[in-house]
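Next come the chains, spelled out residue by residue.
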Amino acid sequence: MIEEKRKDLSVRAERAILLGTLPSKGSANGDSLEELGRLAETAGAKVVENVLQKRDKIDPTYYIGRGKAEELAALCRDRDIDVVICDDDLTPAQVRNLEHLLNAKVVDRSELILYIFATRASTSQAQTQVELAQLEYTLPRLKRMWVHLDRIEGGIGTRGPGEKQLEVDRRLVSKKIFELRKRLKGIEDRRHHQVAARSNCLKVSLVGYTNAGKSTLMNSLTQAGVIVEDKLFSTLDTKTRTLHLENARRVLLSDTVGFIKKLPHHLISSFHATLEEVKQADLLLHVVDVSSPAALEQIKAVDEVLKELHCERKPTLLVLNKIDALTEEATLTLFKSMYPEAVAISSLTGEGLSELKKRTQEFFDRRCVELRLTCGIEDGRLTAYLYQKGYILSKRLHGHKISFHLLMEERYIPKISQLARDVEMSYAQDCHSE
Ligand SMILES: Nc1nc2c(ncn2[C@@H]2O[C@H](COP(=O)(O)OP(=O)(O)OP(=O)(O)O)[C@@H](O)[C@H]2O)c(=O)[nH]1
Ligand SMILES: [Mg+2]
């Protein structure tokens, strides 16, 4: 029954009007609904018109002013509109009032993003995550969905379902949410341990706005064969591949779901399992599409999501992607002056990729010391510590001894001698000069 109602939120093949507001002061930005348009098209809707109203305060009843809402109602009638898609999130009351006035379905930004995620989720983990986010979003809006059902059954004006039915339905949804949360907790715990178990490798995660070119970069660096599309949210799960650097160094590179401004909070909290690689990464590569006019705004949006994931303090290297698509050289100069540490690349042509690898390697070389260490095979506590805190490049057994070649942050080194008595240790540089 729940599934049946949720289908009603589909916007596939429907004629849509995009609706948004602008601050009354400041220049009118013709592009302000462009992203919403791309989202709507990704979801399969056919955008017929954009409607923008200048106002500083959102109207609590209709989101836009009453007069404008009435104009919009006439437009919906004239242009045979099925759905009005709003660039901001709406309260359940605003949706109800607008739908009543417009006689068209009203979908807000979060709902649209959730719908896209739901249609694109292919792994069972992603499906569970999206289903949970959708139900959490839906629960306070259940009453409204009954109105939808009424309409489908030709029921406008007929008596709506009783409060009792609504109560039953709420209980069903709450129960389902509880079950999904439990299932997801299990998935999250497993993911956490799986990722943590890979601690003998340095972990690098690609993050960035959707469509910034993360998957293209992943493919160029590792031949991973990740799907690349000029669509929003092409990637919804996480792929990890080994990236080989110089001197036997290798890192695990992960590509994951893209971010977007005003990403629904329920989605972020549901996607913790998918974002586990980001949370446990040693280094983040923040990929930006510098050819987009909204690049600066997108950097800010990504930083916001990273904050929500408690990753804002992670070492991050900004990667200025798509430099081949820049029409003006001044844009790159501006970005370089704003972010002097950033690396400029084109994932498509390969320009700048060797510099990016070099900078990644330098990051680890700065942070870690290269060690050679030999201990007894019975020194379990020390071996466990090396795996936990270090990055093992190679190991060799000889008799009752075990030798490691590893990288380790300097701060973890003093404890080594406390964990085992008979340890031989030297810095790798010393070994080379032997
Ligand atoms: N011109 C140009 N296009 C690029 C470059 N890198 C990626 N693209 C294009 O940008 C679009 C999006 O690329 P993806 O790699 O799928 O982007 P993504 O960041 O993984 O996107 P999501 O998975 O949706 O978050 C595709 O059409 C790519 O061909 C680049 O360096 N230059
Ligand atoms: Mg991708």
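Here the structure is a predicted model, which means the values were calculated and not measured. (Residues numbered from 1 in each chain as written. Chains lettered and ligands numbered in written order. Predicted model: local features only at pLDDT ≥ 70, side-chain atom pairs only at ≥ 80, totals over all residues. Heavy atoms only, no water.)

1. Re the sheet that holds strand β14 (residues 424-427)
Piece 1. Overall, antiparallel pairing links the four strands, which are arranged β12-β13-β11-β14 in an open sheet. Unpaired on one side and paired on the other, β12 (390-398) and β14 mark the two borders of the sheet. Along the sheet, successive strands turn relative to each other by an average axial angle of 15°, direction set aside.
Piece 2. Note: β12 against strand β13 (residues 401-409), eight bridges, orientation antiparallel. Paired with Lys-395 across the bridge in β13 is Phe-404.
Piece 3. Most of the contacts of helix α15 (residues 380-389) go to β12, to which it runs at about 145°, and overall it touches β11 (368-376), β12 and β13. (Pairing = 2+ DSSP bridges. Helix = DSSP H or I, 4+ residues; strand = E, 2+ residues; numbered from the N terminus. Axes fitted to C-alpha atoms, helices over the stretch in contact; angles between N-to-C directions. Contact = heavy atoms within 4.5 Å.)

2. A word on the nonpolar core
Piece 1. Among the nonpolar cores identified, the biggest contains 44 residues, and Phe-117 and Phe-233 are the most heavily contacted of them.
Piece 2. Contributions of two or more residues to this core are made by β1 (15-22), α2 (34-42), β3 (83-86), α5 (109-120), α6 (124-138), α10 (265-270) and α12 (295-308).
Piece 3. The element best represented in this core is α5, accounting for six residues.
Piece 4. Two domains share this core, each providing at least three of its residues, namely domain 1 (2-121) and domain 2 (198-351).
Piece 5. Listed in part, the 28 residues of the second largest apolar core include Met-218, Leu-221, Leu-245 and Leu-317. (Core = buried A, V, L, I, M, F, W, Y, C linked by side-chain atoms within 4.5 Å. Buried < 20%, exposed > 50% of the residue type's maximum accessible area, 1.4 Å probe, protein only. Domains from an automatic or database assignment.)

3. Digging into the pattern of salt bridges
Piece 1. Overall, the coordinates contain 24 salt bridges when judged by the stated rule.
Piece 2. As a salt-bridge pair, Arg-181 and Glu-136 come within 2.5 Å of each other at their nearest N and O atoms. In this pair, Arg-181 is assigned in helix α8 (residues 163-197) and Glu-136 in helix α6, connecting sequence segments 45 residues apart.
Piece 3. Ionic pairing is found between Glu-355 and Lys-358, a salt bridge with its closest N-O pair at 3.8 Å. Here Glu-355 pairs with Lys-358, and both are found in helix α14 (residues 353-367), just three residues apart, close to one helical turn.
Piece 4. We classify Glu-355 as partly exposed; its relative accessible area is 32%.
Piece 5. Taking relative accessible area as the criterion, Lys-358 reaches 46% and is therefore assigned partly exposed.
Piece 6. One salt-bridge network, held together by shared partners, links Asp-282, Arg-367, Glu-409 and Arg-411. (Salt bridge = Lys/Arg side-chain N within 4 Å of Asp/Glu carboxyl O.)

4. Observations concerning the side chain of Arg-359
Piece 1. Within the secondary structure, Arg-359 sits in helix α14.
Piece 2. Accessibility expressed as a relative area gives 19% for Arg-359, which makes it buried.
Piece 3. Discounting residues that sit within four places of it in the chain, Arg-359 has contacts with Leu-317, Glu-341, Ala-342 and Val-343.

5. Remarks on the packing of helix α9 (residues 214-222) against α14
Piece 1. Here α9 crosses α14 at 85°, and the two axes come no closer than 11 Å. On the basis of their axis angle, the class for α9 and α14 is roughly perpendicular. Of α14, the residues touching α9 (which contributes Leu-217, Ser-220 and Leu-221) are Leu-353, Leu-356 and Lys-357.
Piece 2. For the contact of α9 with α14, the per-class residue count stands at four nonpolar, one polar and one charged. (Parallel < 35°, antiparallel > 145°, perpendicular 65-115°, else oblique. Nonpolar A, V, L, I, M, F, W, Y, C, P; charged D, E, K, R; others polar.)

6. What to know about the coordination of the magnesium ion (ligand 2)
Piece 1. Each protein donor to the magnesium ion (ligand 2) is listed here as Ser-215 (OG) and Thr-235 (OG1); together their distances run 2.0 to 2.1 Å. With Ser-215 in helix α9 and Thr-235 in the loop between α9 and β6 (239-244), this residue pair connects regions lying 20 residues apart in the sequence. (Donors = N, O, S within 2.8 Å, 3.2 Å for Na, K, Ca; no water.)

7. Focus on the site of ligand 1
Piece 1. Residues in contact with ligand 1 amount to 23 residues; listed here are only the nearest, Lys-214, Thr-216, Ser-234, Thr-235 and Asp-324.
Piece 2. Interatomic distance of 3.0 Å between a backbone N/O atom of Asn-211 and an oxygen atom of ligand 1.
Piece 3. In the environment of ligand 1, an oxygen atom lies 3.2 Å from a nitrogen or oxygen atom belonging to the side chain of Asn-321.
Piece 4. For ligand 1, whose unbound accessible area comes to 660 Å², protein coverage reaches 90%.
Piece 5. At three residues, α9 tops the list of elements feeding residues into the shell around ligand 1.
Piece 6. Residues belonging to the shell around ligand 1 are distributed by class as follows: six nonpolar, 11 polar and six charged. (Near = heavy atom within 4 Å. Polar contact = N/O pair within 3.5 Å; in protein donor to acceptor, adjacent residues only side chain to side chain. Areas by Shrake-Rupley, 256 points an atom, 1.4 Å probe, with all protein chains shown as cover.)

8. Section: the sheet that holds strand β5 (residues 202-208)
Piece 1. Taken together, the six strands give an open sheet; going across it, the order is β6-β7-β5-β8-β9-β10, and neighbouring strands pair in mixed fashion. Two strands in the sheet have a free side with no partner beyond their single neighbour: β6 and β10 (343-344).
Piece 2. Sheet topology places strand β8 (residues 283-289) next to strand β9 (residues 316-321); six bridges connect them, and they run parallel. Following the sheet pairing, Leu-285 is matched in β9 by Leu-317.

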